[in-house]
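Reading the structure
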Amino acid sequence: MAAPPRRPINVPFQKNYVPTWAGDHIKYYNGGNEIQLCLDKYTGTGFQSKGSYLFGHFSMQIKMVPGDSAGTVTAFYLSSQNSEHDEIDFEFLGNRTGQPYILQTNVFTGGKGDREQRIYLWFDPTTDHHSYSVLWNMYQIVVFKNSKDLGVRYPFNQPMKIYSSLWNADDWATRGGLEKTDWSMAPFVAAYRGFHIDGCEATAEAKFCATQGRRWWDQKEFQDLDGYQYRRLSWVRQKYTIYNYCTDRSRYPAMPPECRRDRDV
């Protein structure tokens, strides 16, 4: 049986994160335990982790931009800092009032991405904070398995920082750019709390994160999803998938080798 990750520990923003750009568009509440990112017609804003990490569990509670959020993107992602970078993406694409949010995911390995999947969210992410997490170990990024034996590169040796940002992307984010940002609704606000990081910090030297199975996320119950978790994942994919790179034969005449192992089809 698989197991859920350890329960996240809520800590203030400043313990693990610093502003990256437009710091005056970040508002702090409750001693930094809650923050808001603000987007107006002049700029968005973002933040990043102080440290870089190689494997672990990274979680954040986010309340997305409410109302007419078309054209906006709220991003939560991990990324390394080099030309052949690794990256794990969550991008929440805003929409016109009353339409569901879209979640776009992607995984870059060795600088190569093009693994987009898009789903409608089956809940309203704007009425309350919801937890979004990445579990990353030597065996899988839930849900992208290590398929190195199939010739597919996997993020295993490049430490990554955690980032989040709120920005305007109305050239592509909503209906391929047909729906533009309505600046009369600005400022657009995304609210955050629960800045949990439980990872191997590799800022000094990455070799210290060669944990040889000693960390909790390396244990057998975190090396794969179990039947119940796969059924839940299949339910989401069958009912809410908008786009899946695995089934896009115009881009990939032959199915990418990791797709069957990840049970994407």
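One can find the structure itself at the top, above this paragraph.
Position numbers for residues count from 1 along each chain, tracking the sequence in the order it is written. Where totals are concerned, whole chains, interfaces and linings use all residues; where local detail is concerned, this predicted model gives features only for residues with pLDDT of at least 70, and gives and counts side-chain atom pairs only at 80 or more. Where side-chain values are given, they derive from all heavy atoms of the structure, hydrogens and water being excluded.

**Here we look at the nonpolar core**
Take the buried Ala, Val, Leu, Ile, Met, Phe, Trp, Tyr and Cys residues and link them wherever side-chain atoms come within 4.5 Å; each set so joined is a nonpolar core. Under the scheme applied here, a residue whose accessible area is under 20% of the maximum for its type counts as buried, over 50% as exposed, and between as partly exposed, the area being computed with a 1.4 Å probe on protein chains only. Within the largest apolar cluster, 54 residues are counted, with the highest numbers of intra-cluster contacts made by F47, M60, W136, I162, Y192 and F195. By definition in these notes, contact holds between two residues if any of their heavy atoms fall within 4.5 Å. Beyond its immediate chain neighbours, meaning those up to four positions away, F195 contacts V11, P12, F13, N16, Y17, G32, N33, I35, F47, S59 and M60.

**Regarding the pattern of salt bridges**
Definition used for salt bridges: Asp or Glu carboxyl oxygen within 4 Å of a side-chain nitrogen of Lys or Arg. Evaluation of the coordinates by the stated rule reveals seven salt bridges. The salt bridge partner of E179 is R96, with a shortest N-O separation of 2.7 Å. Taken together, the residues E179 in the loop between β13 (161-168) and β14 (188-201) and R96 in the loop between β7 (87-93) and β8 (102-108) connect sequence positions 83 residues apart. For R96, a relative accessible area of 22% corresponds to the partly exposed category. R175 is paired through a salt bridge with E179; the nearest N and O atoms lie 3.0 Å apart. A residue is classified by how much of its surface remains accessible, and E179, at 17% relative accessible area, is buried. Here the residues in one salt-bridge network are D68, R96, R175 and E179, joined through shared partners. Numbering goes from the N terminus for both helices and strands, where a helix is a DSSP run of H or I of at least four residues and a strand is a run of E of at least two.

**Some words on the sheet that holds strand β15 (residues 241-244)**
Two strands make a pair as long as DSSP finds a minimum of two bridges between them. Judged by pairing direction, the sheet is antiparallel, and its eight strands sit side by side in the order β1-β4-β13-β6-β7-β8-β9-β15 without closing on themselves. The two strands at the open ends of the sheet, each matched to only one other strand, are β1 (17-21) and β15. Each neighbouring strand pair of the sheet contributes to a mean axis angle of 15 degrees, computed without reference to strand direction. By the bridge criterion, eight bridges tie strand β6 (residues 72-79) to β13 in an arrangement that is antiparallel. Of the residues in β13, the one forming a bridge with F76 is S164. In this analysis an axis means a line fitted to C-alpha atoms, helices contributing only their contacting stretch, and an angle means the value between N-to-C directions, from 0 to 180 degrees.

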